[in-house]
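Letter by letter, the chains look like this.
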Amino acid sequence: EAQVTQNPRYLITVTGKKLTVTCSQNMNHEYMSWYRQDPGLGLRQIYYSMNVEVTDKGDVPEGYKVSRKEKRNFPLILESPSPNQTSLYFCASSFGGAYQPQHFGDGTRLSIL
Amino acid sequence: TQLLEQSPQFLSIQEGENLTVYCNSSSVFSSLQWYRQEPGEGPVLLVTVVTGGEVKKLKRLTFQFGDARKDSSLHITAAQPGDTGLYLCAGETSGGGADGLTFGKGTHLIIQP
């Protein structure tokens, strides 16, 4: 089954404790991206990647890092999480780029205390 | 950042009624996508429109892309409870997928039986 898998689905942690949210897709997609979704602010793009070893900042990249060492994986790293990063995070992938249909994971709900 | 304004923000109507939701911008988009998101899940693509003036139909849903490619609308005929969800539009500006994807804040739609 074609899918985008995020882990964990839920996480409660404390300020300053490094964490990684993993994202994996099995569709051989080139384009992958991370979004955060907040009430009243909608979905905002954090980072995106056009292919292996190619990443670019989205609209809200501050406080986040990403890497794209393999085509299928695109982890989101919070080196020193803060409470304002409490949010619902989505990973998405597509074949070709932003103009192609995006396939979303089911989301990761992060709470930073 | 290219802004996409969606209206109305919230809409609650009775089953069987018709409705239209809007997605507007001052920017020109190479393509525009519509997604529906249900609670606890990631957005799912409904349609992509590319050509100015284009109209696409998906059963009872009709999507239109403005002639100038700055706006779009979604019309639902004879709404059903299963249409309930968050409707999101997303625009891409570069035409080649090299840029990111900008989402509107969405329209929360509730169809009451």
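To be clear, the structure that these remarks concern was listed above.
The shown structure was predicted, so the numbers you read here are calculated from the model rather than taken from an experiment.

Conventions and cut-offs
Residues numbered from 1 in each chain as written. Chains lettered and ligands numbered in written order. Predicted model: local features only at pLDDT ≥ 70, side-chain atom pairs only at ≥ 80, totals over all residues. Heavy atoms only, no water. Salt bridge = Lys/Arg side-chain N within 4 Å of Asp/Glu carboxyl O. Buried < 20%, exposed > 50% of the residue type's maximum accessible area, 1.4 Å probe, protein only. Helix = DSSP H or I, 4+ residues; strand = E, 2+ residues; numbered from the N terminus. Disulfide = S-S within 2.5 Å.

Draft legend 1. Summary view of the pattern of salt bridges. Residue and element names in this part refer to chain A. Scanning the entire structure with this criterion turns up 8 salt bridges over all chains. A salt bridge links Arg 36 to Asp 38; the nearest nitrogen and oxygen atoms lie 2.8 Å apart. Owing to a relative accessible area of 8%, Arg 36 belongs among the buried residues under this scheme. Among the salt bridges present, the one from Lys 65 reaches Glu 79, with a minimum N-O distance of 3.0 Å. Of this pair, Lys 65 sits in strand β7 (residues 65-66) while Glu 79 sits in the loop between β8 (76-78) and β9 (87-94), and the two are 14 residues apart along the sequence. Residue Lys 65 is classed as partly exposed on the basis of its relative accessible area, which comes to 42%.

Draft legend 2. The state of the cysteines, seen in detail. Overall, the coordinates contain 2 disulfides over all chains when judged by the stated rule. The partner cysteine of Cys23(A) in its disulfide is Cys91(A), sulfur to sulfur 1.9 Å. The S-S bond linking Cys23(A) to Cys91(A) shows a torsion near -75 degrees; that makes this disulfide left-handed. Of this pair, Cys23(A) sits in strand β3 (residues 19-25) while Cys91(A) sits in strand β9, placing them 68 residues apart in sequence. Here Cys91(A) falls in the buried class, since its relative accessible area comes to 0%. The disulfide bridge from Cys23(B) ends at Cys89(B), spanning 2.1 Å between sulfur atoms. Of note, the bridge from Cys23(B) to Cys89(B) carries an S-S torsion of about 80 degrees and is right-handed in sense. Placement of the pair is Cys23(B) in strand β3 (residues 19-24) and Cys89(B) in strand β9 (residues 85-92), with a sequence separation of 66 residues. Side by side, Cys23(B) and Cys89(B) carry an identical accessibility label, which is buried.

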